[in-house]
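# Notes for the structure review
The residues making up each chain are set out below.
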Amino acid sequence: TPCDDFKIMQEAWNTMKNEEVEILYTVFKAYPDIQAKFPQFVGKDLETIKGTAEFAVHATRIVSFMTEVISLLGNPDNLPAIMTLLSKLGKDHKSRGITVKQFDEFHEAFHNFLHTHSAWNDNVDAAWHCNEKKIRKVINANLE
Ligand code: HEM
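Okay, so let's go over this structure. All values reported here derive from a predicted model rather than from experimental measurement.

### Re the site of the ligand
- Around the ligand, the surrounding shell holds 17 residues, and the nearest of these are Phe38, Gln40, Arg61, His93 and Arg96.
- Contact distances for the ligand include 3.2 Å between an oxygen atom and a side-chain N or O atom of Arg61.
- Of all elements in the fold, only helix H5 (53-72), helix H6 (79-94) and helix H7 (100-115) reach the threshold of two or more residues within the shell around the ligand.
- A per-element tally of the shell around the ligand places H5 first, with five residues.

Below you can see the structure in the form of structure tokens.
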């Protein structure tokens, strides 16, 4: 299945994973309701906060989480670790009042970023979608 092509997914991600600030900016720009959930960013001008250390720190937390999960893919021994990380992410965000709908929004905006990146192609897309579907299932089960 395309899920087994995790290597090309990891390679593509490696070319994008250092664009933390641009990734979070893309998400907040498309969905201000996501920005509004952050006590430190609510009501602030996105263009202004984009350049702050606080913004870079949070962008890096999110993107590093993704990097961690993506690096663990492909080895069945890592499955329990992946499940633990994803369940915790879902539970921690549920307790902040964040919804599946907002994760869908994040997802969509995040994809606009990925798709406009030069490392993206049909093979990466297929591998990404297959793995992402499974990942989102675990997160959603813990968000609901
Ligand atoms: C869907 C919209 C989302 C909203 C509204 C949201 C909101 C938040 C908020 C308010 C915090 C706490 C910030 C702080 O204490 O400084 C947080 C923490 C965090 N978020 Fe999100 N988040 C979203 C999606 C995501 C996604 C998709 C990921 C990763 C794939 C992610 C990863 C993290 C991580 C790693 C932390 C720090 C650990 C923790 O406290 O849980 N978030 N998020």
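Next comes the rest of the account.
### Some words on H6
- With 16 residues, H6 extends 22 Å from end C-alpha to end C-alpha; this agrees with the ideal 22 Å at 1.5 Å per step.
- Within the span of H6, buried status applies to Ile82, Leu86, Ser87, Leu89 and Gly90. Axial view of H6: buried residues confined to an arc of 155°, hence all on one face. Turned more than 90 degrees from where H6 packs its buried face, Pro80 and Thr84 sit exposed.

Rules used in this analysis
- Residues numbered from 1 in each chain as written.
- Predicted model: local features only at pLDDT ≥ 70, side-chain atom pairs only at ≥ 80, totals over all residues.
- Heavy atoms only, no water.
- Near = heavy atom within 4 Å.
- Polar contact = N/O pair within 3.5 Å; in protein donor to acceptor, adjacent residues only side chain to side chain.
- Helix = DSSP H or I, 4+ residues; strand = E, 2+ residues; numbered from the N terminus.
- Expected span 1.5 Å × (residues − 1).
- Buried < 20%, exposed > 50% of the residue type's maximum accessible area, 1.4 Å probe, protein only.
- Arc of directions from axis to C-beta.

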